[in-house]
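Below are the chains, spelled out letter by letter.
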Amino acid sequence: GVQRVNIKHRKSTTKQRSSRALMTMHPLDKRFACLEISYLDPGENNAGKITVVSLFRPEKRNSVSTEMWREIGTAFHLVGSIGDNCRCVILRGAGKGFCGGIDMLDEHFLAGMDGDDDSIRRAIAFKPQILEMQDAFTAIERCQVPVVAAVHGCCIGAGMDMICCADVRVASASAVFSVREARVGLAADVGTLQRFPKLVGSGSIVRELCLTGRDFGAKVALELGFVSCLVEDDGDLMRAATNICLEICRNSPVAVACTKASLNYSRDHTVADGLEHVALMNSTALQSEDLAKAFMINSGAAADTQYQPLLAHSRL
């Protein structure tokens, strides 16, 4: 089975990676300092279909600096859209935890609030930075392929913002979650307050957790439906996430992309709007060769049939 990878050095070689859990370097990896991006090869003709994005500041509990924040937005804007055959992404944290929140020692976060200028002018100047931070995490949600967040250890503040953007969340028993912002003097402003209530569907418990900033464990997260799978040992976490990805990879990439798009759209619109949206998508998607291939695969007539990968996105 696929084991969790404990990567000890940022510049580990492809050979070293592949000998430790069948992971090889993704071509995007060299662009990032605070993330590690790898291909996972779990066998079954799925080489290259699963991309692992690891938050890589283990010495800081993967707390998010301004550099990491920008890199997350860039990485999820590109993964799955550059012709890399990616069909699913696992988002994880390197080291002892998923994410310890924002890096409070990074002075760049509040640099725009300094100075003796009129407060409203500083506010107008600072707002674009908040919007930029929101967009970086929203890139996880907008990623064309499904994102499975694998959480162990701490998942605090910005970590919660990130995994609320994922399509699926799995956790180990060591995971501890917290919407910590109220305890440090601010309202969460990067997406948790908007997404978390829609993910768990309970106004009372959401408000309690957000207003108190209290920690809650993996068992509570499972009971709320915030995570869909709980494993006892951190070492089993990547295996659980990989198994979900493998099930997704067996399906048509067109069907998966359209399903994700419809789910995201319908969450923020009326049922009637969602039906119109999916009707428009399927009026083209149903003409795909994947429909016939899916029938052949599921009927056993051509079990070795492979779906064609999605094309690289056209860009200016």
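Predicted model, so just to flag it, every value in this text is computed and none were measured.

Draft legend 1. Here's a closer look at the nonpolar core. One finds Phe76, Phe177, Phe196 and Phe226 to be the most contacted residues of the largest nonpolar core, which totals 56 residues. Examining the composition of this core, we find that six residues originate from one element, helix H2 (residues 66-78), more than from any other. With residues near it in sequence (within four places) discarded, Phe226 still touches Met160, Ile163, Cys164, Arg169, Phe177, Phe196, Leu199, Val200, Phe216 and Ala221. Ranked by size, the runner-up nonpolar core spans 19 residues in total, among them Val148, Val170, Ala240 and Ile248.

Draft legend 2. Seen up close, helix H9 (residues 253-267). With 15 residues, H9 extends 21 Å from end C-alpha to end C-alpha; this agrees with the ideal 21 Å at 1.5 Å per step. Those residues of H9 not exposed but buried are Pro253, Val256, Ala257, Cys258, Lys260 and Ser262. Buried residues along H9 sit against helix H3 (119-142), strand S5 (147-151), helix H8 (237-249), helix H10 (271-285) and helix H11 (290-299). Put simply, Ser252 is the residue that caps the front of H9, since its side-chain oxygen is 3.2 Å from the backbone nitrogen of Val254.

Draft legend 3. Summary view of the pairing of strand S7 (residues 168-172). In terms of residue burial, S7 counts as a mostly covered element, since four of its five residues are buried. Where S5 and S7 come together, four bridges link them in parallel fashion. Residue Val148 lies in a different strand from S7, and its bridge partner there is Val168. Sheet topology places S7 next to strand S10 (residues 229-231); three bridges connect them, and they run parallel. Across the sheet, the residue bridging to Ser172 is Val231, located in S10.

Draft legend 4. Highlighting the sheet that holds strand S2 (residues 35-40). Spatial strand order, S1-S2-S3-S4-S5-S7-S10: seven strands in an open sheet with mixed pairing. Every interior strand has two partners, whereas the edge strands, strand S1 (23-25) and S10, have only one. Direction aside, neighbouring strands of the sheet carry axes that sit 25 degrees apart on average. Of the strand pairs in this sheet, strand S3 (residues 50-55) and strand S4 (residues 88-93) are connected by six bridges, and their pairing is parallel. By the bridge assignment for S4, Ser54 is matched with Arg92. Against the sheet, H8 makes contact with S2, S3, S4, S5, S7 and S10, and its axis sits at roughly 165 degrees relative to S4, the strand it touches most.

Parameters and conventions
Residues numbered from 1 in each chain as written. Predicted model: local features only at pLDDT ≥ 70, side-chain atom pairs only at ≥ 80, totals over all residues. Heavy atoms only, no water. Core = buried A, V, L, I, M, F, W, Y, C linked by side-chain atoms within 4.5 Å. Buried < 20%, exposed > 50% of the residue type's maximum accessible area, 1.4 Å probe, protein only. Helix = DSSP H or I, 4+ residues; strand = E, 2+ residues; numbered from the N terminus. Contact = heavy atoms within 4.5 Å. Expected span 1.5 Å × (residues − 1). Polar contact = N/O pair within 3.5 Å; in protein donor to acceptor, adjacent residues only side chain to side chain. Pairing = 2+ DSSP bridges. Axes fitted to C-alpha atoms, helices over the stretch in contact; angles between N-to-C directions.

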